[in-house]
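The chain contents come next:
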Amino acid sequence: MNIAFIAALEAKGELLRIQAPVSAELEITEITDRVSKSANNKALLFENVICYDMPVLINAMVSHERMQCALGVDDYDDIALRIRELR
C-alpha cells in the first residue's frame, strides 16, 4: 500500500478511515456500497479487518481526481506528455 498516496487522499479530504473492526466477508463490501452511493463518496481505509494483519484500501480510484492523484498529475494530458518524453 502506497503510504504517500493515502496521505495525499487524506490531505485532499478524499479518505475516510474506518477503525472499527470489520469482517472481510460481506461487511467491507456492504459499507463500501453504501458509501459509494452516497453524497460522501470517499476512498475507505479499513484499518482493523478481522483475521487480517493489514489494512484494506478500497474505492480509491473511482473518480478522476483520485485517479490523477494516484498518477501524480493534475491532468491526464500530463501522462501523455511523460510518455512522449520517453521516446
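Residues numbered from 1 in each chain as written. Predicted model: local features only at pLDDT ≥ 70, side-chain atom pairs only at ≥ 80, totals over all residues. Heavy atoms only, no water.

Peer 1: What should I look at first to understand the overall build of the chain in this one?
Peer 2: Helix and strand counts for the chain stand at four helices and three strands. Along its sequence from the N terminus, the chain presents helices and strands in the succession α-β-α-β-β-α-α. Since a compact globule built from 87 residues should have a radius of gyration of about 12 Å, the 15 Å found for the chain marks it as more spread out than a globular shape. Principal axes of the C-alpha set define a box for the chain whose edges measure 45 × 30 × 20 Å. Accessible area of the chain: about 6,100 Å², with a carbon and sulfur share of 55%. Of the charged side chains in the chain, 9 are positive and 14 negative, and the gap between their average positions amounts to 4 Å. (Helix = DSSP H or I, 4+ residues; strand = E, 2+ residues; numbered from the N terminus. Rg over C-alpha atoms; globule rule 2.2 N^0.38 Å. Areas by Shrake-Rupley, 256 points an atom, 1.4 Å probe, with all protein chains shown as cover. Lys, Arg positive; Asp, Glu negative; His and termini not counted. Charge placed at Lys NZ, Arg CZ, Asp CG, Glu CD.)

Peer 1: I keep staring at the pairing of strand S1 (residues 15-18) and nothing clicks. Help me out?
Peer 2: If a strand is regular, its side chains alternate between the two faces of the sheet. Of the pairings in the sheet, the one linking S1 to strand S2 (residues 43-46) comprises four bridges and is parallel in character. Across the sheet, leucine 16 pairs through a bridge with leucine 44, a residue of S2. You can see the chain leave S1, run along helix H2 (residues 27-36) and come back into S2, and the turn it takes is right-handed. (Pairing = 2+ DSSP bridges. Right-handed = clockwise from strand over helix to strand, strands pointing away.)

Peer 1: Any chance you could explain the sheet that holds S1 here in plain terms?
Peer 2: Remark on secondary structure: sheet strands pair via backbone hydrogen bonds, oriented parallel or antiparallel. With mixed pairing, three strands are arranged side by side in an open sheet as S1-S2-S3. Bordering the open sheet on either side are S1 and strand S3 (56-58), each of which pairs with just one other strand. For this sheet, the mean angle separating the axes of adjacent strands, direction not counted, is 20°. Where S2 and S3 come together, three bridges link them in antiparallel fashion. (Axes fitted to C-alpha atoms, helices over the stretch in contact; angles between N-to-C directions.)

Peer 1: Is there a simple way to think about unusual backbone geometry in this case?
Peer 2: Backbone geometry follows two general trends: most residues other than glycine have a negative phi, and most peptide bonds adopt the trans configuration. In the Ramachandran plot, leucine 26 falls in the positive-phi region, its phi being about 75° despite a non-glycine side chain. By the element assignment, leucine 26 lies in the loop between S1 and H2. Leucine 26 sits in the exposed class, given a relative accessible area of 64%. For asparagine 59, which is not glycine, the phi torsion reads 65° and is therefore positive. For asparagine 59, a relative accessible area of 11% translates into the label buried. (Buried < 20%, exposed > 50% of the residue type's maximum accessible area, 1.4 Å probe, protein only.)

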